[in-house]
Amino acid sequence: MGVWNTIDRVVFSNIGAVTTAPFTLRGGSYWIETKSTGSGSIDLKKLGPDGSTYTARITQITATAGQQTISLPPGTYEVVIATFTANYLEITRIPTAVE
């Protein structure tokens with residue numbers, strides 16, 4: 001049985017230009033915040049129905065600092081960071097009153 005009323009959150013601290021290991025999000029509204037050094041891009045990708053291909057959900061975050069709210073379906077995700085250095089990234093589910 002799943003644990004539902006817990007924080008659904010992924011945090012990456014001081015990582016370089018990488019593709020992260022896959023992680024699971026349970027779906028819903030998420031707050032995404034980034035802080036990076038230099039120039040580059042950050043993409044959030046979801047594992048597709050074929051079980052091997054990742055497709056973009058958020059593409060080309062190019063600001064060195066920013067945040068946004070997005071609705072995401074449940075699934076397996078990865079973050080792809082190109083050329084930015086010293087990246088800090090947080091993806092946190094926004095809880096609703098009824099779950």
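See the structure shown above.
This structure is a prediction, so every number in the text was calculated from the model and none was measured.

The rules we used
Residues numbered from 1 in each chain as written. Predicted model: local features only at pLDDT ≥ 70, side-chain atom pairs only at ≥ 80, totals over all residues. Heavy atoms only, no water. Phe/Tyr/Trp six-rings, centres within 6.5 Å; stacked < 30°, edge-to-face > 60°. Helix = DSSP H or I, 4+ residues; strand = E, 2+ residues; numbered from the N terminus. Buried < 20%, exposed > 50% of the residue type's maximum accessible area, 1.4 Å probe, protein only. Pairing = 2+ DSSP bridges. 1 Å grid on protein atoms, 1.4 Å probe; cavity = no way out; pocket = protein on both sides within 12 Å on 5 of 7 lines; lining within 4 Å. Points joined across faces, edges and corners; volume = space filled by probe spheres on them. Nonpolar A, V, L, I, M, F, W, Y, C, P; charged D, E, K, R; others polar. Axes fitted to C-alpha atoms, helices over the stretch in contact; angles between N-to-C directions.

## Quick look at the packing of aromatic side chains
- For the structure shown, the criterion picks out two aromatic pairs.
- On the basis of an interplanar angle of 25° and a centroid distance of 6.5 Å, the ring pair of Phe23 and Tyr77 is categorised as stacked. One end of the pair, Phe23, is in strand β2 (residues 23-25); the other, Tyr77, is in strand β7 (residues 75-82), and 54 residues separate them in sequence.
- Of the residues examined, Phe23 reaches a relative accessible area of 10% and is grouped as buried.
- Overall, the relative accessible area of 0% leaves Tyr77 in the buried class.
- Members of the aromatic cluster, joined through ring pairs, are Phe12, Phe23 and Tyr77.

## Examining the pairing of strand β8 (residues 85-93)
- For strand β1 (residues 9-15) and β8, the ladder comprises five bridges, and the chain directions are antiparallel. When the sheet's bridge partners are listed, Ile15 is paired in β8 with Asn87.
- Judged from the seven bridges that link them, strand β3 (residues 28-37) and β8 form a sheet pairing that is antiparallel. Looking at β8, one finds that Thr37 is bridged to Thr85.

## Comments concerning empty space enclosed by the protein
- Counted according to the given criterion, the structure contains one cavity of 30 Å³ or more.
- Put simply, the largest cavity is a space of about 50 Å³.
- Taken together, Ile32, Ile42, Asp43, Leu44, Ile58, Ile61, Val79, Leu89 and Ile91 make up the full set of residues lining the largest cavity.
- Sorting the residues of the lining of the largest cavity by element identifies β4 (41-47), β5 (54-61) and β8 as the ones contributing at least two each.
- Take the lining of the largest cavity: its biggest share by element is three residues, from β4.
- Residues belonging to the lining of the largest cavity are distributed by class as follows: eight nonpolar, no polar and one charged.

## Side note on the sheet that holds strand β6 (residues 65-72)
- If you walk across this open sheet you meet the four strands as β1-β8-β3-β6, and the pairing is antiparallel. The open sheet has two free edges, formed respectively by β1 and β6, since each of these has just one partner strand. The average angle at which neighbouring strand axes cross in this sheet is 15°, direction not considered.

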